[in-house]
Amino acid sequence: MAKGDEVVTREYTINLHKRIHGTGFKHRAPRAVKKVREFAQKAMGTNDVRLDTKVNKEIWKTGVRNVPYRIRVRLSRRRNDDQDAKEPLYTLVSLVPVTGFKRLETVTIDE
């Protein structure tokens, strides 16, 4: 079994501010959603990334222009049970509510 083939769950803090720097106001929230998806693909090594609705709501809660600077997410690499799926694994991105982002590190969660 290769390194990217096992089921794993990790918590990350994504700095959205640096990822959408220089983006026009009307494109900030959509770009942030794309960057979260891109981050999950890179971190978990799966092309199939599914965002929870709470992640989308957190990014969009202050409108298209005022995206939060950071967001804490839980990335879960899971088995794809669908019979006609192209890939054996997918990544589910869910929101982790936090009060502050100081001294938070990437954490691997044992299930």
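Residues numbered from 1 in each chain as written. Predicted model: local features only at pLDDT ≥ 70, side-chain atom pairs only at ≥ 80, totals over all residues. Heavy atoms only, no water.

Trainee: Before we go on, may I ask you to explain a nonpolar patch on the surface in this structure?
Mentor: There is a patch of nonpolar side chains on the surface, built from Val98, Phe101 and Leu104 and spanning about 200 Å² of accessible area. By the element assignment, Phe101 lies in the loop between strand 4 (89–95) and strand 5 (107–109). Phe101 gets classed as partly exposed once you look at its relative accessible area, which sits at 31%. (Patch = residues over 30% accessible without salt bridge, like charges linked within 9 Å, V, L, I, M, F, W, Y side chains within 5 Å. Areas by Shrake-Rupley, 256 points an atom, 1.4 Å probe, with all protein chains shown as cover. Salt bridge = Lys/Arg side-chain N within 4 Å of Asp/Glu carboxyl O. Helix = DSSP H or I, 4+ residues; strand = E, 2+ residues; numbered from the N terminus. Buried < 20%, exposed > 50% of the residue type's maximum accessible area, 1.4 Å probe, protein only.)

Trainee: How do you make sense of the nonpolar core when you look at a structure like this?
Mentor: Proteins that are soluble and globular tend to have nonpolar side chains buried together. Ranked by size, the top nonpolar core spans 21 residues in total, and within it Leu16, Ile59, Leu75 and Val93 carry the most contacts. When residues of this core are traced back to their parent elements, those giving at least two are strand 1 (8–15), helix 2 (28–44), helix 3 (53–60) and strand 3 (70–79). Broken down by element, the residue count for this core peaks at seven residues, all from helix 2. In contact with Val93, other than residues within four places in its own chain, are Val36, Ala40, Val49, Arg50, Leu51, Asp52, Val55, Val73, Arg74 and Leu75. (Core = buried A, V, L, I, M, F, W, Y, C linked by side-chain atoms within 4.5 Å. Contact = heavy atoms within 4.5 Å.)

Trainee: Help me out: how do you make sense of the pairing of strand 3 in this one?
Mentor: Direction of pairing for strand 1 relative to strand 3: antiparallel, over a ladder of eight bridges. Directly across from Tyr12, in strand 3, lies its bridge partner Val73. Of the pairings in the sheet, the one linking strand 3 to strand 4 comprises seven bridges and is antiparallel in character. The partner of Arg79 across the bridge, within strand 4, is Leu89. (Pairing = 2+ DSSP bridges.)

Trainee: Sorry, what's going on with the packing of aromatic side chains here?
Mentor: Where two aromatic rings form a pair, the distance of their centres and the angle of their planes describe that pair. Taken as a whole, this structure holds one aromatic pair when the rule is applied. For the ring pair Tyr12 and Phe39, a centre distance of 5.3 Å and an interplane angle of 85° mean the geometry is edge-to-face. A residue pair is termed long-range when its members are at least 10 positions apart, and Tyr12 in strand 1 and Phe39 in helix 2 qualify at 27 residues. For Tyr12, a relative accessible area of 12% gives the class buried. You can call Phe39 buried: its relative accessible area is 17%. (Phe/Tyr/Trp six-rings, centres within 6.5 Å; stacked < 30°, edge-to-face > 60°.)

Trainee: Hey, could you run me through the packing of helix 2 against helix 3 in this one?
Mentor: The relative placement of two packed helices comes down to the angle between their axes together with the axis-to-axis distance. With their axes 9 Å apart at the nearest point, helix 2 and helix 3 run at an angle of 140° to one another. Accordingly, the angle class assigned to the pair helix 2 and helix 3 is oblique. The way helix 2 lies across helix 3 gives a crossing that is right-handed. Every residue of helix 3 that contacts helix 2 at Ala29, Pro30, Ala32, Val33 and Val36 is listed here: Val55, Asn56, Ile59 and Trp60. (Axes fitted to C-alpha atoms, helices over the stretch in contact; angles between N-to-C directions. Parallel < 35°, antiparallel > 145°, perpendicular 65-115°, else oblique. Left-handed = near helix turned anticlockwise from the far one by under 90°.)

Trainee: Just checking my understanding: could you explain unusual backbone geometry for this structure?
Mentor: Backbone phi values are negative for most residues with the exception of glycine, while trans is the configuration of most peptide bonds. If you check the backbone angles, Arg103 has positive phi at about 55° while not being a glycine. Of note, Arg103 is situated in the loop between strand 4 and strand 5.

Trainee: What is the right way to look at the pairing of strand 4 in this model?
Mentor: Consecutive side chains of a regular strand alternate in pointing toward one face of the sheet and then the other. Where burial is concerned, most of strand 4 is hidden: five out of the seven residues are buried. Looking at chain direction, strand 2 (residues 49–51) and strand 4 are connected through three bridges and run parallel. Within the sheet, the bridge partner assigned to Arg50 lies in strand 4 and is Leu92.

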